[in-house]
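# Secondary and tertiary structure notes
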Amino acid sequence: MVARGRFITFEGTEGVGKSTQLKNAARTLDRLGIDYMVTREPGGTPMAESIRELLLAPREEPVQETTELLLMFAARAQHLHNRILPALAAGTWVLCDRFTDATFAYQGGGRGVSAARIALLEALVQGEVRPDHVILLDAPVETGMARARKRGELDRFEQEAQAFFQRIRETYLARATEKPERYHVVNAALPLEQVSDSVSALLAALVSLPISE
């Protein structure tokens, strides 16, 4: 019987280096001989990527909070059932750029959508499926946004005010405090080499842990 793969997500506000650390994580698992795939949210499948484009494109029309929330979970349903769950069942580790913690942080903390409403959709779409481990890359909002602006044109979310991202960061940290056994907070404000070393060491430690049921 094939052992189930592990589901590891990378979370954080804008500009904390998730894309860089996903690449670093992939290199680390290569060295450790672990079969893995890298994916992202919203997105991860052709249909989910189309929904991502709808969500991120700047537009004059106001996007209603419920519309945004439902689109997030519509993309997640496609991604989870068509890609993530089959990979885990085959014994493949899944490294994912954001998952439902981002919804609690962005739509919950940022937009003010109630956690209870998000939890209802989480249960509907995911059942009991949750990431085994969440690597939270944390940095002051000013640091992250300065990095994000250097990347080029900002998407619809990145154009929000600083207070929006401060609420997101606070929500992430609160969730990490509530479940320290699942969340691993990494100081993303440190020099890149130190952040990468921390993430690599964390992944190496997770390899030796028993798979949670």
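Above this text is the structure in question.
Residues numbered from 1 in each chain as written. Predicted model: local features only at pLDDT ≥ 70, side-chain atom pairs only at ≥ 80, totals over all residues. Heavy atoms only, no water.

### Here's the deal with the overall build of the protein chain
- Counting secondary structure elements, the protein chain contains eight helices and five strands.
- For the protein chain, the succession of helices and strands along the chain, N to C, is β-α-β-α-α-β-α-α-β-α-α-β-α.
- Over its C-alpha trace the protein chain gives a radius of gyration of 17 Å, about what one expects of a compact globule, namely 17 Å for 213 residues.
- The dimensions of the protein chain, computed from C-alpha atoms along their principal axes, are 50 × 40 × 30 Å.
- Out of the 213 residues in the protein chain, the part that is buried amounts to 50%.
- Carbon and sulfur atoms make up 55% of the accessible area of the protein chain, which totals about 10300 Å². (Helix = DSSP H or I, 4+ residues; strand = E, 2+ residues; numbered from the N terminus. Rg over C-alpha atoms; globule rule 2.2 N^0.38 Å. Buried < 20%, exposed > 50% of the residue type's maximum accessible area, 1.4 Å probe, protein only. Areas by Shrake-Rupley, 256 points an atom, 1.4 Å probe, with all protein chains shown as cover.)

### Overview of the side chain of T100
- The residue T100 is located in helix α4 (residues 100–110) in this model.
- Assessed through its relative accessible area of 2%, T100 is described here as buried.
- Engagement of the side chain of T100 in a polar contact is seen with the side chain of Q126, the distance being 2.4 Å.
- T100 has contacts with E11, F73, R76, E122 and Q126, leaving out every residue within four places of it along the chain. (Polar contact = N/O pair within 3.5 Å; in protein donor to acceptor, adjacent residues only side chain to side chain. Contact = heavy atoms within 4.5 Å.)

### Quick notes on the environment of V94
- Relative to the helices and strands, V94 resides in strand β3 (residues 93–97).
- Along the chain, V94 and L121 lie 27 residues apart, while their C-alpha atoms are 22 Å from each other.
- In this view, V94 contacts R6, F7, I8, M37, T39, I84, A87 and L88; residues no more than four positions away in its chain are not counted.

### Thoughts on the nonpolar core
- Membership of the largest hydrophobic core comes to 21 residues, with the highest contact counts inside it found for Y106, F157, F164, F165, I168 and Y172.
- Among the secondary structure elements, those contributing two or more residues to this core are α2 (46–56), α3 (65–89), α4, β4 (133–138), α6 (141–150) and α7 (162–178).
- No other element matches the five residues that α7 contributes to this core.
- Once residues lying within four places of it in the same chain are set aside, the contact partners of Y172 are E11, G12, T13, R98, D101, A102, A105, Y106 and L136.
- With 19 residues, the next largest nonpolar core counts I8, L29, L202 and L206 among its residues. (Core = buried A, V, L, I, M, F, W, Y, C linked by side-chain atoms within 4.5 Å.)

### Quick look at empty space enclosed by the protein
- Scanning the entire structure with this criterion turns up one cavity of 30 Å³ or more.
- Roughly 40 Å³ of internal volume is contained in the largest cavity.
- Lining the largest cavity we find G12, T13, L136, L137, D138, A139, R169, Y172 and L173.
- At the level of secondary structure, the elements contributing two or more residues to the lining of the largest cavity comprise β4 and α7.
- Across the lining of the largest cavity, the residue classes tally to five nonpolar, two polar and two charged. (1 Å grid on protein atoms, 1.4 Å probe; cavity = no way out; pocket = protein on both sides within 12 Å on 5 of 7 lines; lining within 4 Å. Points joined across faces, edges and corners; volume = space filled by probe spheres on them. Nonpolar A, V, L, I, M, F, W, Y, C, P; charged D, E, K, R; others polar.)

### Observations regarding helix α1 (residues 18–32)
- Over its 15 residues, α1 runs 21 Å from end to end, which matches the ideal 21 Å to within 8%, given 1.5 Å per residue.
- Buried residues in α1 make contact with β1 (7–11), β2 (36–40), β3, β4 and α8 (192–207).
- Note on α1: the residue one or two positions beyond its end, G33, has a positive phi of about 75 degrees. (Expected span 1.5 Å × (residues − 1).)

Coordinates in, geometry out; function isn't part of it.
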